[in-house]
Amino acid sequence: MTYRFPIRLAALLAALALPAAAADDTDDAHGTLNPDEMTWQSMLDRADRGETGMVLCSSGYMLTKSGNHAAARTLFRNCADAGYTGAMTWMSQLDNNGLGAEYDPDAAADWDRQAAERGDPVGKFNYGLDLIRGHGVPRDVEAGRALVDEAARDGLKIARQMQDSGYDPEAVTPDADRWKYAPLF
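Since the model is a prediction, treat every value here as computed from it, not as a measurement.

Asker: Please explain the side chain of K124 as it appears in this structure.
Answerer: Following the sequence through the fold, K124 ends up in helix 7 (residues 121-133). On the basis of relative accessibility, which here comes to 9%, the residue K124 falls in the buried class. With residues up to four places along the chain from it excluded, the contact list for K124 reads A116, G119, L147, V148, E150, A151 and D154.

Asker: Honestly, the layout of surface pockets in this entry has me stumped. Any pointers?
Answerer: Which parts of space are left empty comes out when a probe the size of a water molecule is rolled across the atoms. Approximately 390 Å³ is the volume attributed to the largest pocket. Of all elements in the fold, only helix 5 (85-97), helix 6 (105-117), helix 7 and helix 11 (178-181) reach the threshold of two or more residues within the lining of the largest pocket. Examining the composition of the lining of the largest pocket, we find that 6 residues originate from one element, helix 5, more than from any other. Grouping the amino acids of the lining of the largest pocket by side-chain chemistry returns 6 nonpolar, 8 polar and 6 charged.

Asker: Would you mind going over the nonpolar core with me for this structure?
Answerer: Generally speaking, a soluble globular protein has its nonpolar side chains buried in company with each other. Ranked by size, the top nonpolar core spans 18 residues in total, and within it L63, L75, F76, A80 and M91 carry the most contacts. Those elements giving two or more residues to this core turn out to be helix 2 (40-48), helix 3 (54-65), helix 4 (69-81), helix 5 and helix 6. Residue contributions to this core peak at 6 residues, all from helix 4. F125, I132, A151 and L156 belong to the second-largest nonpolar core, a separate cluster that totals 11 residues.

Asker: Help me out: how do you make sense of the pattern of salt bridges in this one?
Answerer: Under the definition given, this model contains 5 salt bridges. For D95, the salt bridge is made with R73, and the minimal N-O distance between the two is 2.9 Å. Of the two residues, D95 sits in helix 5 while R73 sits in helix 4, which places them 22 residues apart along the sequence. Taking the relative accessible area as the measure of exposure, D95 reaches 5% and is therefore buried. Taking the relative accessible area as the measure of exposure, R73 reaches 11% and is therefore buried. Its salt-bridge partner being D154, residue K124 comes within 2.7 Å of it at the nearest N-O pair. Of the two residues, K124 sits in helix 7 while D154 sits in the loop between helix 8 (141-153) and helix 9 (157-164), which places them 30 residues apart along the sequence. What emerges from the salt-bridge pattern is a single network uniting D110, R113 and E117.

Asker: Sorry if this is basic, but what is going on with helix 3 here?
Answerer: The α-helix winds at 3.6 residues per turn, so residues separated by three or four positions along the chain end up facing the same way. When the terminal C-alpha atoms of helix 3 are compared, their 18 Å separation across 12 residues agrees well with the 16 Å that a helix rising 1.5 Å per residue should span. Considered for burial, the residues of helix 3 that qualify are L56, C57, S59, G60, L63 and T64. Burial along helix 3 is one-sided: seen end-on, the buried residues are contained in an arc of 150°. In this structure, helix 3 carries M54 and K65 as exposed residues pointing more than 90 degrees from its buried face. A positive phi of about 95° marks G67, the residue just after helix 3.

Asker: I tried to follow the confidence of the model for the protein chain on my own but got confused; where do I start?
Answerer: Predicted coordinates in regions of low pLDDT should not be interpreted in detail. Mean pLDDT over the protein chain stands at 83; residues scoring 70 or higher make up 78%. Every residue in residues 18-25 scores below 50 in pLDDT, and together they form 6 contacts with partners more than four places removed in sequence or on other chains.

Asker: What's the story with helix 5 in this structure? I'm lost.
Answerer: Here helix 5 spans 19 Å end to end across 13 residues, near enough to the 18 Å set by a 1.5 Å rise per residue. The complete set of buried residues in helix 5 reads T85, A87, M88, T89, M91, S92, L94, D95 and N96. Looking one or two residues beyond helix 5, the residue adopting positive phi is G98, at roughly 65°.

Procedures and definitions
- For every chain, the first residue of its written sequence is number 1, and the numbers climb from 1 along that sequence.
- Restriction of local features to residues with pLDDT of at least 70 applies here, the model being predicted, together with a cutoff of 80 or more for giving and counting side-chain atom pairs; totals for whole chains, interfaces and linings are based on all residues.
- Where side-chain values are given, they derive from all heavy atoms of the structure, hydrogens and water being excluded.
- Secondary structure counts use DSSP, requiring at least four H or I residues in a row for a helix and at least two E residues in a row for a strand, with both numbered from the N terminus.
- Think of it in three bands: residues with accessible area under 20% of the maximum for their type are buried, residues over 50% are exposed, and the middle band is partly exposed, with areas taken using a 1.4 Å probe on protein chains only.
- Contact between two residues is taken to exist if any of their heavy atoms lie within 4.5 Å; hydrogens are not considered.
- Each cavity reported here is a set of points on a 1 Å grid over the protein atoms alone in which a 1.4 Å probe fits but cannot get out, each pocket an open set with protein on both sides within 12 Å along at least five of seven lines, and each lining residue one with an atom within 4 Å of a point.
- Grid points are joined across faces, edges and corners, and a volume is the space filled by probe spheres set on the points.
- Just so you know the grouping, Ala, Val, Leu, Ile, Met, Phe, Trp, Tyr, Cys and Pro go in nonpolar, Asp, Glu, Lys and Arg go in charged, and all remaining residues, Gly too, go in polar.
- Remark: nonpolar core denotes a set of buried residues (Ala, Val, Leu, Ile, Met, Phe, Trp, Tyr, Cys) joined through side-chain atoms within 4.5 Å.
- The rule for a salt bridge is simple: a side-chain nitrogen of Lys or Arg has to be within 4 Å of a carboxyl oxygen of Asp or Glu.
- By this rule, a helix spans an expected 1.5 Å times one less than how many residues it contains.
- Directions are taken from the helix axis to each C-beta atom, and the arc is the one they span.
- Scored from 0 to 100, pLDDT reflects the predictor's confidence in each residue.

Okay, structure coming up:
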């Protein structure tokens with residue numbers, strides 16, 4: 001007899017939960033009850049509404065790694081526009097590789113510049129590399145080296161590695177396509 005009560009209670013609770021589960025996605029004057037918060041679709045919906053935030057912005061990484069570059073681009077653009085320098089770095093990577101849009105070295109370098117101007121060590125390094133190569137920006141080896149030096153002072157190991165190589169871009173990107181980074185003039 002002691003086993004019937006927990007079974008009946010569990011059945012009652014399950015029956016009570018059914019109407020609540022059906023109401024989870026309904027909108028009313030107070031918003032969505034128990035919204036879907038951690039799914040890809042909810043992240044994309046929030047990005048479409050222009051929302052940003054640390055968790056939302058970081059989900060762009062998984063989107064791009066899964067191959068959904070267009071969605072990652074929307075999310076990263078919102079986050080970059082809101083000042084997240086990591087999202088600027090990802091926008092640069094997407095533009096530099098033609099992922100989710102056409103290959104655009106000028107836009108890639110501009111994203112790197114924006115991150116560098118906000119003090120981001122990775123942005124400084126990447127923009128310094130852009131300047132040294134003359135990729136997406138006019139070539140300025142001296143300014144590029146200065147940014148790599150700043151990134152190294154900020155503790156970025158790859159920047160120190162580049163300094164140790166005599167500022168040779170191939171030391172830090174040995175698998176880069178030479179044609180892509182060759183000066184066009």
